[in-house]
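# Breakdown of the fold
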Amino acid sequence: FLPLGMLKLPDCAPDVDVSSEVKREAVDPTKKAVFTNPKIEAFGPLQGPVHPRNVDSLYAGYRNHTTGHVEKCHLNSFHFEDQFNTFHSKGYAADPSDFSNPAKRHLQHPRHPASVVHAMSGMHDDEAAPVSEAKRQKTEGAGKWSGFDSSAQVNAAIEKAQQERVQQEVAQKELEADAEVEDETQRVTTEFHGKEETDYQGRSWLSEPRRMDRQKADHQCFMPKKWIHTWSGHTMGVNVIRWFPDSAHLLLSGSMDSKIKIWDFHNKRDCKRTYMGHDQAVRDINFTAAGKKFYSCSYDKNVQLWDTETGQIISTFSNRKIPFCVTPHPHASEEHIFIAGCQNKKAVQWDARTGEIVQEYDEHLAAVNTVTFCEDAKRIVTTSDDKKIFVWDYGIPIVVKYIAEPHMNSIPSITVHPSEKYFAGQSMDNSIVVYEAGGKFKFQPRKKFRGHLNSGYAIKVGFSPDGRWVCSGDAGGRLWFWDWAKCKNHRTFKAHDGVCISSLWHPHQPSRVVTCGWDGLIKLWD
């Protein structure tokens with residue numbers, strides 16, 4: 001046996017010249033083996049077909065990074081952060097091959113093309129010219145730090161241009177606001193259509209006539225049979241009508257033509273005054289307890305308090321949302337309080353004396369359609385497009401009764417029964433539903449009035465003063481009458497050419513009903 005050190009082992013690897021002096025001859029492509037360790041200079045230039053979509057595919061072997069060849073470069077951390085943030089915020093940065101030349105800022109972020117660089121800085125094309133000129137003048141004296149000085153100057157110019165633009169916009173808005181205020185002061189908000197606003201005794205046209213027929217409180221009411229008068233004056237559909245409180249000798253109407261008119265019912269039956277303060281269709285109107293003032297809300301997102309006699313706007317309230325209803329407090333001592341059901345899912349309570357919001361009832365999931373006071377103004381009932389009815393304690397934004405059933409539909413209109421024990425709501429399933437107006441606010445399944453077509457319209461329900469009859473318009477312009485006790489339809493006739501949106505029974509004349517419709521007319525039936 002030979003020792004292990006004397007054993008000759010076979011060497012299968014070829015001999016390779018690893019000396020420091022390597023022949024710098026081109027590698028012969030015909031040979032299948034290379035017996036030297038050549039450097040890159042020994043190889044010829046790459047040749048071959050180029051991929052149509054990857055033109056540098058032949059040089060993939062010469063990359064040390066997936067996107068190219070990375071070279072070492074010493075850069076201050078401050079300058080690196082400056083260029084990194086500039087590249088990602090403004091879309092360009094200095095060329096790393098020549099940091100001293102600021103003109104080589106052609107590297108652009110893929111998400112910020114050149115066309116939007118000025119837009120991101122808040123500049124127009126005509127504002128970019130002086131910045132480029134300033135940059136060019138700075139570049140002419142390029143020094144060691146000229147690139148970074150030019151960047152600071154460009155940023156300062158951009159900020160200056162933005163500040164000038166903001167100042168111009170603010171000045172323009174102030175001019176427009178001043179012009180609007182001037183127009184408001186010069187605009188006529190009312191027009192009286194009579195000869196004189198006072199009679200020979202000095203009594204206002206608003207006062208109740210002395211010889212006015214008043215029936216007893218327990219008089220029996222009858223359904224009307226014929227059409228006896230028409231009030232015409234609105235140029236578009238009439239949305240809402242209201243009686244003057246207590247006496248009902250005047251009739252207030254709000255229309256889609258943005259105007260409110262008050263009509264005489266007792267004597268000549270003509271238009272007394274027109275109120276012009278809204279810019280869009282009037283949604284709802286309501287008198288205060290005494291009738292000397294009234295509230296109106298419109299699609300122009302404003303609630304206005306009017307002086308009924310003079311026609312002047314006392315106050316304007318707005319929370320930048322469309323109010324769908326406005327309901328003042330029923331007590332004379334609290335007539336400065338009103339609640340508006342708004343588009344932003346809230347019922348907002350205002351104080352007209354201060355013009356501030358004092359409470360918000362915020363529990364609904366959709367726009368609030370109605371606000372109704374019950375139980376001597378101790379409770380509030382609200383309905384919404386979320387198909388729910390909420391009962392609140394007045395002044396407390398906590399729901400005390402939550403009414404929501406799978407069979408329920410949206411209720412855009414509510415009217416309290418003359419007995420104040422029930423309220424009727426116009427349901428969107430072509431029916432009128434009834435609930436208790438106090439106590440547990442129970443649903444009354446046996447009192448349901450059907451037959452009319454009301455789906456899609458906020459048609460107001462009317463009651464006769466004795467509570468015996470229920471009346472309602474429908475989408476076809478018909479007027480329906482039901483018996484309150486038996487829920488049976490007794491009479492139906494064509495009232496308007498368009499939608500019959502509201503009907504009111506006169507509180508002192510037992511068989512007279514006033515209707516309004518989207519044909520722009522108000523009709524009296526007897």
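In every chain, residue numbers begin from 1 and rise along the written sequence. In keeping with the predicted nature of the model, local features appear solely for residues at pLDDT of at least 70, side-chain atom pairs appear and are counted solely at 80 or more, and the whole-chain, interface and lining totals rest on all residues. To get the side-chain values, all heavy atoms of the structure are used, and hydrogens and water are removed first.

As annotated in an unreviewed UniProt entry, the protein carries the name Pre-mRNA-processing factor 17 and comes from Oxyrrhis marina.

### Quick look at the UniProt feature "repeat: WD" (unreviewed entry) in the protein
In plain terms, the rule: UniProt positions are given in the numbering used here, feature names are shortened, and annotations may be inferred rather than shown by experiment. Numbering of helices and strands runs from the N terminus, with a helix taken as a DSSP run of H or I at least four residues long and a strand as a DSSP run of E at least two residues long.
Per the UniProt annotation, the sites labelled "repeat: WD" (unreviewed entry) are residues 231-273, 275-316, 361-393 and 493-526. Between the end C-alpha atoms of residues 493-526 there is a gap of 13 Å, over a span that is 0% helix and 53% strand.

### As for the pattern of salt bridges
Cut-off, in case you're wondering: A pair is scored as a salt bridge if a Lys or Arg side-chain nitrogen falls within 4 Å of a carboxyl oxygen belonging to Asp or Glu. Each residue is assigned to one of three classes by its accessible area relative to the maximum for its type, calculated with a 1.4 Å probe on protein chains only: buried under 20%, partly exposed between the two thresholds, exposed over 50%.
In this structure the tally under the stated criterion is 10 salt bridges. Here Glu197 makes a salt bridge to Arg273, at a shortest N to O gap of 3.0 Å. Note that Glu197 is positioned in the loop between strand 3 (190-192) and strand 4 (227-232) and Arg273 in strand 8 (residues 271-275), a separation of 76 residues in sequence. Take Glu197: its relative accessible area is 36%, and that puts it in the partly exposed class. Between Arg379 and Glu375 there is a salt bridge, with the nearest N and O atoms lying 3.9 Å from each other. When salt bridges with common partners are traced through the structure, they connect Glu375, Arg379 and Asp393 into a single cluster.

### Considerations on the sheet that holds strand 31 (residues 521-525)
Threshold: By definition, two strands form a pair when at least two bridges between them are found by DSSP. Only the stretch in contact is used when a helix axis is fitted, and all axes are lines through C-alpha atoms; the angle between N-to-C directions ranges over 0 to 180 degrees.
Ordered by their spatial adjacency, 4 strands build an open sheet running 4-31-30-29, and the pairing between neighbours is antiparallel. Looking at the sheet topology across the chains shown, the edges are occupied by strand 4 and strand 29 (500-505). Along the sheet, successive strands turn relative to each other by an average axial angle of 20 degrees, direction set aside. Where strand 4 lies against strand 31, 5 bridges are found, and the strand directions are antiparallel. Looking at strand 31, one finds that His229 is bridged to Leu524.

### With respect to the side chain of Ser384
Inclusion rule: Each polar contact in these results corresponds to two N or O atoms within 3.5 Å; when the atoms are within protein, one needs to be able to donate a hydrogen and the other to accept it, and residues that are neighboring in sequence are counted only if both atoms are side-chain atoms.
Note on placement: Ser384 falls in strand 18 (residues 379-384). A distance of 3.1 Å separates the side chain of Ser384 from the backbone oxygen of Ala366, its partner in a polar contact. There is a polar contact of 2.8 Å between the side chain of Ser384 and the backbone oxygen of Ala367.

### Section: the packing of aromatic side chains
Counted only if it meets this: A pair of aromatic rings is counted whenever rings of Phe, Tyr or Trp (Trp by its six-membered ring) have centres within 6.5 Å, and the orientation is called stacked for planes under 30 degrees apart, edge-to-face for over 60 and tilted otherwise.
For the coordinates displayed, the defined rule picks out 30 aromatic pairs. Between the aromatic rings of Phe294 and Trp306, the centroid separation amounts to 6.0 Å while the plane-to-plane angle is 10 degrees, which identifies the pairing as stacked. Of this pair, Phe294 sits in strand 10 (residues 293-298) while Trp306 is found in strand 11 (residues 303-307), placing the two residues 12 residues apart along the sequence. For the pair Phe294 and Trp306, a shared accessibility class is recorded, and that class is buried. Summarising the aromatic geometry, the rings of Phe390 and Trp392 are spaced 6.1 Å apart at their centres and angled 70 degrees between planes, so their arrangement reads as edge-to-face. Pair check on accessibility: Phe390 and Trp392 agree, each one buried. Among the aromatic residues, ring-to-ring pairing joins Tyr422, Phe449, Phe463, Trp480, Trp482 and Trp484 into one connected group.

### Focus on the sheet that holds strand 23 (residues 431-436)
Either a parallel or an antiparallel arrangement is found when strands of a sheet pair, and the pairing is made through backbone hydrogen bonds. Spatial ordering of the open sheet is given by 21-22-23-24, a layout of 4 strands whose pairing is antiparallel. Each having just a single partner strand, strand 21 (414-416) and strand 24 (443-450) make up the two edges of the open sheet. The average undirected angle you get between the axes of adjacent strands in this sheet is 25 degrees. Note: strand 21 against strand 22 (residues 422-427), 3 bridges, orientation antiparallel. Within strand 22, the residue paired with Ile414 across the bridge is Gly425.

### With respect to the pairing of strand 11
Burial within strand 11 is extensive, with 4 of its 5 residues counted as buried. As paired elements, strand 10 and strand 11 share 5 bridges and run antiparallel to each other. When the sheet's bridge partners are listed, Tyr295 is paired in strand 11 with Leu305. Here strand 10 hands over to strand 11 after 4 residues, with Lys301 in that stretch at a positive phi of 70 degrees. Of the strand pairs in this sheet, strand 11 and strand 12 (residues 313-317) are connected by 4 bridges, and their pairing is antiparallel. Its bridge partner lying in strand 12, Trp306 is registered against Ile313.

### Some points on the pairing of strand 24
Regular strands have side chains that alternate between both faces of the sheet. Where strand 23 lies against strand 24, 4 bridges are found, and the strand directions are antiparallel. Pairing of Val433 across the sheet is with Lys448, part of strand 24. Counting the residues in the hairpin turn of strand 23 and strand 24 gives 6 residues, including Gly439, whose phi is positive at 65 degrees.

### Comments concerning the environment of Val434
Keep this limit in mind: Contact between two residues is taken to exist if any of their heavy atoms lie within 4.5 Å; hydrogens are not considered.
For Val434, the position within the fold is in strand 23. Once the C-alpha coordinates of Val434 and Phe449 are considered, the two residues, 15 residues apart in sequence, prove to be 9.0 Å apart. Other than its neighbours up to four places away in sequence, Val434 contacts Tyr422, Phe423, Ala424, Lys442, Phe443, Gln444, Lys447, Phe449 and Trp484.

### Some details on the environment of Lys460
Inspection of the secondary structure puts Lys460 in the loop between strand 24 and strand 25 (461-463). Separated by 34 residues in sequence, Lys460 and Gln426 place their C-alpha atoms 7.1 Å apart. Excluding its chain neighbours within four sequence positions, the residues that come into contact with Lys460 are Asn239, Ser413, Gln426, Cys471, Ser472, Ile501, Ser502 and Ser503.

### Some words on the confidence of the model for the protein
Formally: Per residue, pLDDT captures the predictor's confidence, and it can take any value from 0 to 100.
In this model, the protein carries an average pLDDT of 82, and 75% of its residues clear a pLDDT of 70 or more. Below a pLDDT of 50 lies the segment residues 111-132, which in the model reaches 25 contacts outside its immediate sequence neighbourhood of four places, other chains included.

### Things to note about the nonpolar core
What counts here: What we call a nonpolar core is a set of buried Ala, Val, Leu, Ile, Met, Phe, Trp, Tyr and Cys residues that are connected through their side-chain atoms within 4.5 Å.
Trp231, Ile241, Trp243, Leu251, Val514 and Ile522 are the most contacted members of the largest nonpolar core, which totals 17 residues. Per-element accounting of this core gives the leading share, 3 residues, to strand 5 (residues 238-243). In contact with Leu251, not counting residues within four places along its chain, are Trp231, Ile241, Arg242, Trp243, Lys261, Ile262, Trp263, Val514 and Ile522. By size, the runner-up hydrophobic cluster in this structure holds 15 residues, among which are Phe192, Leu206, Leu250 and Trp306.

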